[in-house]
Structure formats: C-alpha cells, structure tokens
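# Survey of secondary and tertiary structure
Listed below are the residues making up each chain.
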Amino acid sequence: MKTRAAVAFALNEPMRVMEVDLAEPGPGQVMLKMLASGLCHSDLHLLEGKMSQDFPFIPGHEGLGEIIALGEGVSGFALGDHVIPYLVPDCGVCVYCTSGRTNLCVEYGARRNSARTPFSLDGAPMRCFMELGTFAEHTVVAADCIVKVPQHARPDHTCCIACGVTTGLGSALIRAKITPGSSVAVFGAGGVGLSTMQGARIAGAGRIFAIDTNPAKEAVARSCGATDFINPWEIENVAEHVIGLTGMGVDYAFDCVGNAKLAEQALEMCHPAWGVAMCVGVVPEGQSVSTLPTKLLTGRTWTGSMMGGAKRQDVARFVDMYLAGEFSLDEVVSHRLTLDEINHGVEMMRTGESVRSVVLY
Ligand SMILES: [Zn+2]
Ligand SMILES: [Zn+2]
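Quick caveat, the model's predicted, so the values are computed rather than measured.

### Considering the overall build of the protein chain
Helix and strand content of the protein chain: 11 helices and 18 strands. The C-alpha radius of gyration of the protein chain comes to 20 Å, within 12% of the 21 Å expected for a compact globule of 361 residues. Counting only C-alpha atoms and orienting by the principal axes, one finds that the protein chain spans roughly 60 × 40 × 40 Å. Split into buried and exposed, the 361 residues of the protein chain put 52% on the buried side. For the protein chain, the proportion of contacts with a sequence separation of at least 24, taken over those separated by at least 6, is 70%.

### A few points about the sheet that holds strand S12 (residues 207-211)
Here six strands make up an open sheet; going across it, the order is S13-S12-S11-S14-S15-S16 and the pairing parallel. At either end of the open sheet lies a strand with only one pairing partner, and these are strand S13 (228-230) and strand S16 (301-304). Mean inter-strand twist for the sheet, computed between neighbouring axes without regard to direction, equals 20 degrees. One ladder, built from five bridges, connects strand S11 (residues 183-187) with S12; its direction is parallel. Residue pairing across strands places Phe 187 opposite Ile 211, the latter belonging to S12.

### Focus on the environment of Asn 231
Among the secondary structure elements, Asn 231 is positioned in the loop between S13 and helix H7 (238-246). When the C-alpha positions of Asn 231 and Lys 217 are compared, they lie 9.9 Å apart, and in sequence the two are 14 residues distant. When sequence neighbours within four positions are dropped, the list of residues in contact with Asn 231 reads Asp 212, Thr 213 and Pro 215.

### Details of the packing of helix H1 (residues 41-48) against helix H11 (residues 342-351)
Look at H1 against H11: their axes get within 10 Å of each other, and the N-to-C directions meet at 95 degrees. With respect to each other, H1 and H11 are oriented roughly perpendicular. Residue-level inspection shows His 41, Leu 44 and Leu 47 of H1 in contact with H11, the latter providing Val 346, Met 349 and Arg 350. Here the residues of the contact of H1 with H11 sort into four nonpolar, one polar and one charged.

### Topic: the sheet that holds strand S4 (residues 57-58)
Spatial ordering of the open sheet is given by S1-S2-S7-S8-S4, a layout of five strands whose pairing is mixed. Where the open sheet ends on each side, the last strands, each with one partner, are strand S1 (2-7) and S4. In terms of strand pairing, S4 meets strand S8 (residues 124-128) through two bridges, oriented parallel. From the neighbouring strand, Phe 57 faces S8, where its bridge partner is Arg 127.

### Focus on the domain arrangement of the protein chain
In terms of domain boundaries, the protein chain breaks down into domain 1 (2-162 + 330-360) and domain 2 (165-307). With centres defined by C-alpha atoms, the gap from domain 1 to domain 2 works out at 28 Å. Counting from both sides, the interface comprises 18 residues of domain 1 and, opposite them, 14 residues of domain 2. The biggest single contributor to the side of domain 1 that touches domain 2 is H1, with three residues. Residues belonging to the side of domain 1 that touches domain 2 are distributed by class as follows: nine nonpolar, six polar and three charged.

Parameters and conventions
- Residues numbered from 1 in each chain as written.
- Chains lettered and ligands numbered in written order.
- Predicted model: local features only at pLDDT ≥ 70, side-chain atom pairs only at ≥ 80, totals over all residues.
- Helix = DSSP H or I, 4+ residues; strand = E, 2+ residues; numbered from the N terminus.
- Rg over C-alpha atoms; globule rule 2.2 N^0.38 Å.
- Buried ≥ 20, exposed ≤ 12 C-beta atoms within 10 Å, placed from the backbone.
- Contact = placed C-beta atoms within 7 Å.
- Pairing = 2+ DSSP bridges.
- Axes fitted to C-alpha atoms, helices over the stretch in contact; angles between N-to-C directions.
- Parallel < 35°, antiparallel > 145°, perpendicular 65-115°, else oblique.
- Nonpolar A, V, L, I, M, F, W, Y, C, P; charged D, E, K, R; others polar.
- Domains from an automatic or database assignment.

This is how it looks when you write it as structure tokens:
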C-alpha cells in the first residue's frame, strides 16, 4: 500500500514528506495506523550525525498507533488495539530476556542498524530507525515490541511514554530506585529530564535540583517536582555549588542531556560514599568520559540507563500510572504538529523552543 512518511535523505537537511510504499505485515508483525509520534532528541542526533545511521531513512520511534492488520502467528493482540511500538524488543528467549536482570535484548542490537524494512521507494528498500519508522502515517512492526494501551489514553500525551517519559521515569524508579527523602540532581529539563524529576518526586525524593541553561524551563521543571533550579551560566562550578547546598553531595545525579562533561559533573556532585551518577541521555558518538579512580574508591557508583531499564511491562505500568494521574504530561507536551510541519518541530527541538513536540496523524 501507499502511505506518507517524513524521509531523511541526507545529514542536516530537512526531511521530505512524501508518499512511500509499505509492505503487508509478515509473520509475527502487525500493521499500525499511527495516531501520534513525539519528536525525540535521538531523532535529532540521527539527523545531525551524532548517532550513526544510513540514509535515506524514516526516523521516529516515540509513537502510538492502532493495529489495522495482523501478520501470521501474532497472538495476544486484535485489530483496533491501540499500541505503543517500543524501542526495546522483548524476544523472550535470548540470554538477556531470560536473565530477568536487564531490559536489553539481542534483538535490540539486531534492529539498531538493520537493513530490514517494510518501506520502499521506487522499488528500493527504505530503512526506518529501529525498524519502527513512526514518522509515517502507517508502519509495520514486530509484535514482540508492542505494548497494548487503553483506548481512552490520549495519543498526543501517551505516545511520549514510548521513549522520553519511560527513559526518565525508569531511570529514577527502575535503575536508580530512588529512596524517600533523598536528594537528586538532574541535568537537562527536556522530555527525559522532566520525566526523571517526576520519577524522583513519585519516589519521594526530598530535594530535586533541576539544572538547565534555559531559564524558561524553570516553571515546567518546578511543575515536574524540582525544588531548586540552577542555571549553570550563573554559577562558576555547578558541582561545587550543589555539594555546598547539600553538605556532601546528592544521593543521585542524572545526566539527561547526553554530554560527557555533564556526566563527569554528575559524578563529581554525588555523595562520595553512596552517590549514584547515571548517564541517561545519549552522548554523541566520539565523546568519552573520565574520572580519577579515587572518586570511585570511596563508593560512588557510575552507571547508565538504556531506556530507563524498562521492559514492555514497565511501559504498560507507566501508561497506567499516567492514566491514574500519578504524573502529568500537560507541561511536557508543548507543541502539536501535522506531519507536514515536522521540520519545524525539529528546529524547535534544536533551539530549545519546545519541550516536546508531537506529530498528530
Ligand atoms: Zn527517543
Ligand atoms: Zn531477547
């Protein structure tokens, strides 16, 4: 069938919204009519070459759609179901999936740079990021990555749980397991950082420092649970400043921007004995982090979080928490766009004008 998609043809060029061909779902796959897709910083990284990707391709991995066709052998899902195609597959049989210790799956790596795709253009295969391609009106995805969501979950908000929200909430609740009364610092008040703050608030953190260079983010950060807002441009040394305010440093520090220098500062500002510093944002390829071994000898933990450590059932749980009013996405989803306006959304992400833009189909 024909569908419309935003196609990235070259680095740092606007995507072109155009008609492409989409194959029928094969065994173990479903076809989705997309309802909404958020624009994530990883999409920007791909478009700017900060994450490797073969062009041309269809970006988009933060979507919500309706099942309109089922491939052979798909069970547990029905036509009309609303689902999130989740970035992290859940094959159920690999060494990761059977360990019960991680959200990784060998299929994740297999799909990261996969040439398999349901899309084509003039007979030539057209790749899509993570075999998802949610910047298209329709897509075909593997059923092992979809999460059923209630029909009344509004697509413009709920789609963000597919990536940014789950990454932030999961980092706070699943990976860090923040304890009540603890102190938390979060670099970056974008979609992921704000969700990390909301996770810290849900966990009962006593003090939450939001750190962002854009003073316009203070109000939204506070609405997501931040008790303090720090603009690094107004302070000489952010790590020393946070240590000064907490006595010995925070219990948890998250780099949600994805920047090696900030990841190092997160380690610096966390408590020497039990502080946990976590890399959450995707650091552009080519950057590396370093520290003095003594920083770790005292007991700090330096770790990371891939999609907040969340598996499919965690994504479903976060949707339920959202529907129960445990956290809000009113301030997080700042702009709604048509597919034809998608490049404007990319530009607003680049300049920091938007918190989260969502394409509504
Ligand atoms: Zn993402
Ligand atoms: Zn697996």
